[in-house]
Amino acid sequence: CFQLYGYCYQDSNDIPDTLTTITELGSPLEMIQLLQTSWEDRFRICLSLVRLLHYLAHSPLGSVTLLDFRPRQFVIVDGELKVTDLDDASIEESSCTSNSDCFMEFPARNFTLPCSVEGRCQNMNEKRNLYNAYRFFFTYLLPHSAPSSLRPLLDKIVNATGNHNKYGNAKYLALELSLSPSVNSEFTQKCVKSANTQYRRVPEAFIPDENYRCWPSYHHKGCLLSVFDVNEAIEICDSYSQCKAFVLTNQTTWTGRQLVFFKMASNHIVPDPDKITYVKVTD
């Protein structure tokens, strides 16, 4: 949730019982912009959402549901998703006398949950949050342009939240996304085909211009991608016909992958102690 820095309680004749809060600043959530970002960044947002769902399901107050669970209730802070509006949060699990009382209705499909011996719908708050996360976030952000090696895992996660099967709970999702060896290995190593193209290494150098656009890119006016090592950068450059050079930066993504600028020429190279340029050698 949002980081609370302070609050002020004021009781006046004009506005009784007024509570003013001071919280961290976040960026509004724009789904169209998110779909244009790298899958790595979208995965981070979904991971932070899963951790939030796990916390809500096991909070000190009990299981909490967000009755108004929509993208506008969230913001992005340092690449992670945080909820800002808790006005419609509830810790009350619905009472019931039979399973038919535990009916959840959504625009696309409906679910019926078991009624416990205590007369409460089992895990209804958690299930409501999970399905809303599926229909507003996971179904758009997780599968789109995902690495092929991770698609079986992602399909399993999306199906679990969309169908409420036995794996459809916040604890399972948090462990699966955070600890899965296939997720970790995807971002720590990558098998790269051997390249026949030769590149000339120019240390402490940068190409300030000669940009071209690619997708997805961390820079809207150029082609800035993350790589595991130089071999992967060579593979990417070889896959673009306009790529004639690339520049390794000293910046990394949240998973530790290095950011690289890909360039369509190397006519103008300038000194830069923090970068290394590789220029494609032509016959």
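Anything mentioned here points back to the structure above.
For clarity, every value in this text was computed on a predicted model and none was experimentally measured.

## Examining the sheet that holds strand 6 (residues 80–83)
The strand order 3-5-6 describes an open sheet built from three strands, whose pairing is antiparallel. Taken across any chain shown, the strands that pair with only one partner, and hence form the sheet edges, are strand 3 (27–28) and strand 6. In terms of strand pairing, strand 5 (residues 74–77) meets strand 6 through four bridges, oriented antiparallel. Counterpart to F74 in the pairing with strand 6 is V83. Contacts between helix 2 (residues 39–57) and the sheet are confined to strand 5 and strand 6, with strand 6 contributing the most and set at about 35° to the helix.

## Side note on the sheet that holds strand 14 (residues 270–280)
Sheets are built from strands paired through backbone hydrogen bonds, the pairs being either parallel or antiparallel. Taking strand neighbours across the sheet as the criterion, the five strands line up as 10-14-12-13-11 in an open arrangement whose pairing is antiparallel. Two strands close off the open sheet at either side, each with one partner strand: strand 10 (199–206) and strand 11 (223–227). The mean angle between the axes of side-by-side strands here comes to 30°, regardless of whether they run parallel or antiparallel. With seven bridges connecting them, strand 10 and strand 14 associate as antiparallel partners. Each residue of the ladder has a partner; that of R201, found in strand 14, is Y278. Here helix 7 (residues 230–239) sits on the sheet and contacts strand 10, strand 11, strand 12 (245–252), strand 13 (258–263) and strand 14; the angle it forms with strand 12, its principal contact strand, is near 135°.

Thresholds applied
Residues numbered from 1 in each chain as written. Predicted model: local features only at pLDDT ≥ 70, side-chain atom pairs only at ≥ 80, totals over all residues. Heavy atoms only, no water. Pairing = 2+ DSSP bridges. Helix = DSSP H or I, 4+ residues; strand = E, 2+ residues; numbered from the N terminus. Contact = heavy atoms within 4.5 Å. Axes fitted to C-alpha atoms, helices over the stretch in contact; angles between N-to-C directions.

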